[in-house]
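Structure at a glance
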Amino acid sequence: MEKQTINHEPFLKTVNNYMFIVLLLMIACFFTWSENVIITRAIKVAGRMGLMLSSIAIYYKIIRYGAVNTLNYKNIFSPLFYFGYLSLGFLSFMWSTNPGFSALQWFMTFQSLVFAFFFIKSIKTLDVFFQGHTIRLYHLLGNSVFVLQTIFVVGMWIDPDTFFRLTNGGEEARLGGVMMNPNELGMLAGVGAACLIFDLYRKKRKVWTIIKILVIFYALFMTGSRSSLIGVLLIIFFHINQTKNKGLKLAIIAGVLMVVPFAVNQIILKGGDQKRLDEILTLTGRLPFWQALITEGLPREPLLGFGYMRIDYKEFFQSVHTYPGKMTHNTFMQVLMNLGFIGLCTAIFQMFFTLRAFFYEDKENRLMLIGMLIPVLINSFTEFGIFGESNYGILFYQMIIFSVCFKSNKHFTSQQKIYLRKRRPDLVI
């Protein structure tokens, strides 16, 4: 195919706007915007269903304008093992200790899977038939995160009672409120920062991008999320290692050295309070809880678990020496309790083949995927994570999976050639 000779910019701009709005709303549907249960369920179930259908509509809009479905699959074991994990979760309805809850969680995860499939397929199709286009996943995702974090930053000044969550007996206020777990909001900030950093590489005018990143960093600081701070620091040092501009590298290192001591003291060490330091050693009580799950809960259902997103026969698991919990605060522990050792092995193999696929991607895509994965993976060790209850971390991971499994097929059928000659006379097959 030759380069474009017809101006497709109006169409590409429209598609870019549609994809941004749909992605923004899809992420927003994971938030609890209302305390009314009916409204919340409508947003999280019906809203996401509509956005899933919208992602399909965007893909077919691109096809109708002038493209055909020629994408083949590569790194096939990554999506196959993920489908295997979901299939096992579907079968677990038969032995789940709460089939209704398992089915709802599975359905919402499947919704985001379909959304991610068509969203990434749309971008890959644009790569084939509109070479040189500027629509990038990191730009769409980074801007979506910026908008959502800005809402919380503005909201914390206008209505602090709603946008802050009081923890530790009311001693600490963390950004997130009842709408989002502060650690999950911090993870979202990490993903947004990782994506927008690529705009610093690509765009000549960097001031606006820097402002966006600073707003996201401020929101991250206000969440008080230790794990998310660690993730962002890893992302920064990862990009420092990638850049060849010595001046930029020194400037970033100097900025990090100025900010890190204050951030570590306030977020990780919580001002140096001895009681809070003790919390760090037990990961805020998570270590005893995990130990109890392994020694008391797992032996009851070791092979196939308690059912998709279930960790006990009852609604909450509680040991004599731990707090009651409905989820494990560790995505790998979660899948172990949900689907047993069979499910955990499936998840581990799936992650192995996904990480292995990174090495076969071009540099820009590989760096973007690693930047997205770092905060999501770190969050997986302390919160819902990529195999936990429905959250946008799962959506991001599904996008990562499909970003490494599509490849272009330059062989067209006779019917496809006729269609392209009619729709895209500027293309030469």
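Since this is a predicted model, take the numbers as computed values, not measurements. Residue numbers run consecutively from 1 along every chain, following the written order of its sequence. The model is predicted, so local features are restricted to residues of pLDDT at least 70 and side-chain atom pairs to those at 80 or more, both for listing and for counting; the totals for chains, interfaces and linings are taken over all residues. Hydrogens are left out, water is left out, and the side-chain values use all remaining heavy atoms of the structure.

1. Examining the overall build of the chain
Of the regular secondary structure elements, the chain holds 16 helices and 4 strands. Classification of the 429 residues of the chain by burial places 54% in the buried group. For this analysis, residues touch if any pair of their heavy atoms sits within 4.5 Å. Looking at the chain alone, contacts between residues at least 24 apart form 76% of all its contacts between residues at least 6 apart. Here a helix means four or more residues in a row that DSSP labels H or I, a strand means two or more in a row labelled E, and each is numbered from the N terminus. Type-normalised accessible area, obtained with a 1.4 Å probe on protein chains alone, sets the label of each residue: buried when under 20%, exposed when over 50%, and partly exposed for intermediate values.

2. As for the packing of aromatic side chains
Stacked, tilted and edge-to-face are the three classes assigned to paired rings of Phe, Tyr and Trp, where Trp is represented by its six-membered ring and a pair needs centres within 6.5 Å; plane angles under 30 degrees give stacked, over 60 edge-to-face, the rest tilted. This model, assessed by the stated rule, comprises 38 aromatic pairs. Centre to centre, the rings of Phe31 and Tyr392 are 5.8 Å apart; their planes meet at 40 degrees, and the pair counts as tilted. Of this pair, Phe31 sits in the loop between helix H1 (9–28) and helix H2 (37–66) while Tyr392 sits in helix H15 (residues 392–403); the two residues are 361 residues apart in sequence, bridging distant segments of the chain. Taken as a pair, Phe31 and Tyr392 share a single burial class, namely buried.

3. Some points on the side chain of Asn365
Looking at the secondary structure, you find Asn365 in helix H14 (residues 363–380). For Asn365, a relative accessible area of 11% gives the class buried. At 3.5 Å, the side chain of Asn365 and the backbone oxygen of Ser403 are in polar contact. Excluding residues within four positions of it along the chain, Asn365 makes contact with Lys124 and Ser403. The definition of a polar contact used here is a pair of N or O atoms within 3.5 Å, where within protein one atom must be able to donate a hydrogen and the other to accept one, and adjacent residues in sequence count solely through side-chain atom pairs.

4. Comments concerning H2
The span you would expect from a helix comes to 1.5 Å times its residue count less one. For H2, built from 30 residues, the straight-helix expectation of 44 Å at 1.5 Å per residue is met to within 8% by its first-to-last C-alpha distance of 43 Å. Ile43 marks the point of greatest bend in H2, at about 30 degrees. If you check which residues of H2 are buried, you get Thr40, Arg48, Leu51, Met52, Ser55, Ile58, Tyr59, Ile62, Ile63 and Gly66. Among the structural elements, H1, helix H4 (99–129) and helix H16 (414–423) are those in contact with the buried residues of H2. Sitting at the amino-terminal end of H2 is Asn36, which places a side-chain oxygen 2.9 Å from the backbone nitrogen of Ile38. Working definition for bend: take the seven residues up to and ending at a residue and the seven starting at it, fit an axis to each, and measure the angle between the axes.

5. Quick notes on the packing of helix H3 (residues 77–91) against helix H13 (residues 331–358)
Structural elements are reduced to axes, namely lines fitted to C-alpha atoms, with helices fitted over the stretch in contact, and the angle between N-to-C directions of any two is expressed from 0 to 180 degrees. At their nearest, the axes of H3 and H13 sit 8 Å apart, and the two run at 170 degrees to each other. Here H13 runs roughly antiparallel to H3, going by the angle between their axes. Along the contact surface, H3 presents Phe77, Ser78, Phe81, Tyr82, Gly84, Tyr85, Leu88 and Gly89, while H13 presents Val335, Leu339, Ile342, Gly343, Thr346, Phe349, Gln350, Phe353 and Thr354. Residue composition of the contact of H3 with H13, by class: 10 nonpolar, 7 polar and no charged. Oblique is the label for any angle not covered by the other classes, which are roughly parallel (under 35 degrees), roughly antiparallel (over 145) and roughly perpendicular (65 to 115). Under the scheme applied here, ten amino acids are nonpolar (Ala, Val, Leu, Ile, Met, Phe, Trp, Tyr, Cys and Pro), four are charged (Asp, Glu, Lys and Arg), and all others, including Gly, are polar.

6. Focus: unusual backbone geometry
Despite not being glycine, Asn75 has its phi angle at roughly 45 degrees, a positive value. Turning to its location among the elements, Asn75 is positioned in the loop between strand E1 (72–73) and H3. Residue Asn75 is classed as partly exposed on the basis of its relative accessible area of 22%.

7. Quick notes on the packing of H4 against H15
Contact pair H4 / H15: the axes reach a minimum separation of 9 Å and the direction vectors enclose 40 degrees. As judged from the angle between their axes, H4 and H15 are oblique. Along this stretch, H4 crosses H15, giving a crossing that reads as right-handed. In this structure, H4 uses Thr109, Ser112, Leu113, Phe115, Ala116, Phe117, Phe119, Ile120 and Lys124 to contact H15, whose residues at the interface are Ile394, Leu395, Gln398, Met399, Phe402 and Ser403. Across the contact of H4 with H15, the residue classes break down as 10 nonpolar, 4 polar and 1 charged. For any helix crossing, the convention is left-handed if the near helix is rotated counterclockwise from the far helix by under a right angle, and right-handed if that rotation is clockwise.

8. Describing the pattern of salt bridges
Here, a salt bridge means any Lys or Arg side-chain nitrogen found within 4 Å of an Asp or Glu carboxyl oxygen. Under the definition given, this model contains 8 salt bridges. Linking Glu315 and Arg310 is a salt bridge whose minimum nitrogen-to-oxygen distance equals 3.2 Å. A relative accessible area of 33% means that Glu315 is categorised as partly exposed. Judged by its relative accessible area of 2%, Arg310 falls in the buried class.

Read these as geometric descriptors, not functional statements.
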